[in-house]
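Observations on the three-dimensional arrangement
One-letter residues, chain by chain:
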2 protein chains.
Amino acid sequence: MKILDSFRIVLVEPQHPGNIGAAARAMKAMGLSNLVLVAPRSFPHADATARAAGADDVLQRAQSVNSLAQAVADCQLVIGASARPRRLNWQNMNPRAAAEEASAVAYKMNGQTALVFGRERSGLTNGELDICHRHLMIPANPDYASLNLAAAVQVVCYELRMAALGTKAGAETYMGEGDTLARTEDIEGFYTHLKDVLVAGEFLDPEQPKLLMRRLRRLFNRTQLESTEVNILRGILTALDPRKQAYSNPKMSLKGSD
Amino acid sequence: MKILDSFRIVLVEPQHPGNIGAAARAMKAMGLSNLVLVAPRSFPHADATARAAGADDVLQRAQSVNSLAQAVADCQLVIGASARPRRLNWQNMNPRAAAEEASAVAYKMNGQTALVFGRERSGLTNGELDICHRHLMIPANPDYASLNLAAAVQVVCYELRMAALGTKAGAETYMGEGDTLARTEDIEGFYTHLKDVLVAGEFLDPEQPKLLMRRLRRLFNRTQLESTEVNILRGILTALDPRKQAYSNPKMSLKGSD
């Protein structure tokens, strides 16, 4: 997906090469591939390759540079991750807002956004945060804000992917390929059939129907029945219809009028 | 935060204790603390404690049980993580939609939601997915959907926290005042009853069950049955049970052996 190529993950002085690999894996799983390392302590390294678990193409393409300024020189937007609010009230965004802004930059101006993560223990320096246009904070548990580097990269890349996909919450489709929602007419046919069998089974008293059919309609209406499902339900009603039982089972029915 | 206590992370047969620790860390960083393990291969274990990195209280409180059914018996909503779309097109939600629904269940009815994650390599079995009311898919790169277990838990817990922090008016639910969602255990009781009656009515051949019960589970799971509705449905099954018909109607049954 083109838009995901507009996002760049920058790791500043990562101390453990395993974390570089884990970050690459998190990136690739979300469809990102641009990784820039600022003065990594050890890279390339076997631990990085091992933790990348198949995302070694991301590692191979990764660039190493000497300073954050170099890493973001050609970016239109630079967002730095911060584990805690800073003294100066810089604008703090959550990962979702950051991803939306990065997406907008990509869509509207074909611009590049860097998402910058600091050292495992100490994060970004104030000087580095000053280079960033925005600060991003993952809204963690204030008593235990202990996300490791790869987990933070995972969350941010997930939001970047969600933004790039244009995904909104909810309203996921209930249907699969090839399924069709039942037509109202067929659903009404099912309700008539259901009522009929419930009366035959003496579960529903037509003289005193109360709210039963309304409750059942409420239940089935909210599921958005598919055509196949209506057929199955009507098949069940036919199979369980007490009149059919009586009729089809000679042992029970033939002597019924004795 | 109270609402986060309504969420439970369930890991089914985790093979590597390190992953249990990493999941606990991801949970605690997002403010979750309820962890249930289904038949973990090795737990407690030093690797789990090491990877938990300070989230050992979550590990200490973790419960181990023998089956997924036990782990979710008292939950109102059960959402299973699936790495790929399944044959029957069950409702797939993304983590955001799942988190919003879990939050709505917590806010409106003080209900518990289980988020269920499968084995590292093979995920959840079809039988386990059938227990779940919803399937959750992290929208990963289709060419490399390689999130490790802790990364998947991290993303889902992040969305749960975002939803818990953000839910105000809340998502639409179908519930009326005073209605309570049925517990998983009661819904399973309904399925057992349904299957039993369908076999008695010769609609379901226990030798060749095909996909019938899965299709019916899919239908009813997506509606989120209320307690009253489960009672009504079971009442209908009792009324339409062919064995009961034969038994209770003297005209039909008493001469049955002629």
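Placed above this text is the structure.
Rules used throughout
- Residues numbered from 1 in each chain as written.
- Chains lettered and ligands numbered in written order.
- Predicted model: local features only at pLDDT ≥ 70, side-chain atom pairs only at ≥ 80, totals over all residues.
- Heavy atoms only, no water.
- Pairing = 2+ DSSP bridges.
- Helix = DSSP H or I, 4+ residues; strand = E, 2+ residues; numbered from the N terminus.
- Buried < 20%, exposed > 50% of the residue type's maximum accessible area, 1.4 Å probe, protein only.
- Salt bridge = Lys/Arg side-chain N within 4 Å of Asp/Glu carboxyl O.
- Right-handed = clockwise from strand over helix to strand, strands pointing away.
- Axes fitted to C-alpha atoms, helices over the stretch in contact; angles between N-to-C directions.
- Parallel < 35°, antiparallel > 145°, perpendicular 65-115°, else oblique.
- Left-handed = near helix turned anticlockwise from the far one by under 90°.
- Contact = heavy atoms within 4.5 Å.

**Things to note about the sheet that holds strand E7 (residues 134-136) of chain A**
All names here are of chain A. Strands sit in the order E3-E2-E1-E6-E4-E7-E5 across an open sheet of seven strands; the sheet is parallel. At either end of the open sheet lies a strand with only one pairing partner, and these are strand E3 (63-65) and strand E5 (92-93). Bridging between strand E1 (residues 7-12) and strand E6 (residues 113-117) involves five bridges; their strand directions are parallel. Note on E6: the bridge partner recorded for Leu 11 is Phe 117.

**Here's the deal with unusual backbone geometry**
The phi angle of most residues is negative, glycine excepted, and most peptide bonds adopt the trans form. In this chain, Phe 43 of chain A is followed by Pro 44 of chain A through a cis amide linkage whose omega measures -5°. In the Ramachandran plot, Glu 13 of chain B falls in the positive-phi region, its phi being about 45° despite a non-glycine side chain. With a phi close to 60°, Glu 202 of chain B is a non-glycine residue in the positive phi region. Its place among the elements puts Glu 202 of chain B in the loop between helix H8 (184-200) and helix H9 (212-221). On the accessibility criterion, Glu 202 of chain B (71% relative accessible area) is exposed.

**Details of the pattern of salt bridges**
One pass over the full model with this rule turns up 29 salt bridges over all chains. The salt bridge involving Arg 134 of chain B is made with Glu 101 of chain B; its shortest N-O contact spans 2.8 Å. On the criterion of sequence distance, the pair formed by Arg 134 of chain B in strand E7 (residues 134-136) and Glu 101 of chain B in helix H5 (residues 95-109) is long-range, its members being 33 residues apart. On the basis of relative accessible area, Glu 101 of chain B is assigned to the buried category, the value being 14%. Residue Glu 188 of chain B is joined to Arg 217 of chain B by a salt bridge in which the shortest nitrogen-to-oxygen separation is 2.8 Å. Placement of the pair is Glu 188 of chain B in helix H8 and Arg 217 of chain B in helix H9, with a sequence separation of 29 residues. The network of salt bridges with common partners includes Arg 96 and Glu 159 of chain A together with Arg 96 and Glu 159 of chain B.

**So, the sheet that holds strand E1 (residues 7-12) of chain B**
All names here are of chain B. Taking strand neighbours across the sheet as the criterion, the seven strands line up as E3-E2-E1-E6-E4-E7-E5 in an open arrangement whose pairing is parallel. Looking along the sheet, the strands with just one partner apiece sit at the ends: strand E3 (63-65) and strand E5 (92-93). Examined bridge by bridge, E5 and E7 share two bridges and lie parallel to one another. Bridge pairing links Met 93 to Leu 136 in E7.

**Details of the pairing of E1 of chain A**
All names here are of chain A. Summarising burial for E1: six of the six residues are buried, a large majority. What you see with E1 is no split at all: Phe 7, Ile 9 and Leu 11 on one side and Arg 8, Val 10 and Val 12 on the other are buried throughout. For the crossover from E1 across helix H1 (residues 17-29) to strand E2 (residues 34-38), the handedness is right-handed.

**Examining the packing of H1 of chain A against helix H7 (residues 149-165) of chain A**
Residue and element names in this part refer to chain A. For the pair H1 and H7, interaxial distance at closest approach is 8 Å and the crossing angle is 15°. It follows from the interaxial angle that H1 and H7 lie roughly parallel. Our pair here, H1 against H7, has a crossing hand that is right-handed. Residues Asn 19, Ala 22, Ala 23, Ala 26 and Met 27 of H1 form the contact with H7, whose participating residues are Leu 149, Ala 150, Val 153, Gln 154 and Cys 157.

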